[in-house]
Each structure stands twice: as structure tokens, then as C-alpha cells.
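One-letter residues, chain by chain:
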Amino acid sequence: MSDSRTVPPGTPKRIGVAADHGGFESKAYLAGMLREAHYEVVDFGDTEPKPEDDYPDFVVPLAWAVARGEVDRGVAICGSGVGACIAANKVRDVRACLIHESFSAHQGVEDDDMNVICLGGRVVTNTVAWELVKIFLQARFSGAERHRRRVAKVARLENREINPPG
Ligand code: RB5
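Residues numbered from 1 in each chain as written. Predicted model: local features only at pLDDT ≥ 70, side-chain atom pairs only at ≥ 80, totals over all residues. Heavy atoms only, no water.

**Topic: the packing of helix 4 (residues 102-112) against helix 5 (residues 126-138)**
Here helix 4 crosses helix 5 at 25°, and the two axes come no closer than 8 Å. By the angle between their axes, helix 4 is roughly parallel relative to helix 5. Judged by the sense of rotation from one axis to the other, the crossing of helix 4 with helix 5 is right-handed. Counted together, S102, A105, H106 and V109 of helix 4 and L132, I135 and F136 of helix 5 form the full contact between these two elements. Residue composition of the contact of helix 4 with helix 5, grouped by class: 5 nonpolar, 2 polar and no charged. (Axes fitted to C-alpha atoms, helices over the stretch in contact; angles between N-to-C directions. Helix = DSSP H or I, 4+ residues; strand = E, 2+ residues; numbered from the N terminus. Parallel < 35°, antiparallel > 145°, perpendicular 65-115°, else oblique. Left-handed = near helix turned anticlockwise from the far one by under 90°. Contact = heavy atoms within 4.5 Å. Nonpolar A, V, L, I, M, F, W, Y, C, P; charged D, E, K, R; others polar.)

**Some remarks on the site of the ligand**
All residues adjacent to the ligand are D20, H21, Y55, C78, G79, S80, V82, G83 and R122. Considered on its own, the ligand offers 290 Å² of accessible surface; in the complex 69% of this is hidden by protein. Across the shell around the ligand, the residue classes tally to 3 nonpolar, 4 polar and 2 charged. (Near = heavy atom within 4 Å. Areas by Shrake-Rupley, 256 points an atom, 1.4 Å probe, with all protein chains shown as cover.)

So this is what it looks like as C-alpha cells:
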């Protein structure tokens, strides 16, 4: 991997981050690391760790920003990463996945055009989370015909162009 403290040419530069209380500390750490690595960070909250806050209130605005191209990619964190992932995927054109290991962090982008990485703040250490985020941000969609075809089939489902069976 190239020097993590510099942004390679063509790399997404404007990164949105969002977390509830379960991911707050992880978000703060990752935002700091991203800024040190010269990424522009847009923070969708929460702004302080509040035990009663709700992940959709932060993850959904992040997902909309990704869908509209206002940020290049997103990092969404809750305690497990599950709720963040479910919420983000409700927004059209968002392809979010809960990631725990490096293979999926890059293959999810290369094959599936993943644009939001979801992390469990209570599951992965900050060090592992940062490694996963770096791998995610340095990966590119391959654009291969078979992968475009598969992503397009999912998009047709999202756009309700494919009717449910029966
Ligand atoms: C909040 O306590 C927790 O449920 C939330 O952060 C997340 O893990 C949901 O998936």
C-alpha cells in the first residue's frame, strides 16, 4: 500500500463520516486520521456522544450526500455497523456494506461499486477500522462488463423496474 498519509491521484478526496453513540469514538479517531492524510472530512454527526441518539439521524444524511455526489464516499459507524448499513442502503444509489476484513474492503468497491463502508465501533479496534477505511478509499470500481451488469440489476430493483414475483 502507498503512504497512507498522502492521497494518491484519482483517490476520492471528500469523505463523509457519520456515527451514533456506538461509533462516536471511532468516528472521531477516523476523522482525525483522514484529515492527517489530507482528506477533506464532512462530519454528519453526532457532534457528541449521546446515549439516546439514533443512527438514522446521522447515517441517512450522509447517505443522501453520497447519492447526490456531495461527498465522494462515506464512512458510517454504529455499535455493530448493522443499523448503519441497513439505513444507508435505503437511500437510492447508495451501496453500503458492513466490513470487517480487508478483502471485502477492496473487493466490495472493485466488483460491487460500494460507496459507503459501514463499521462496528464496538467490533473493530480503531487501528483495524483505519486500515479498512484506507483500503476502501484506495480501491476503484473495475468497470468490468460483468460487474456493471450486476450493479445495474440491483439498481433496477431499487428503481422498482423489476416487479416482485407472483
Ligand atoms: C446502539 O446502542 C446500537 O444499537 C447501535 O449503535 C447499532 O449497533 C445498531 O445497529
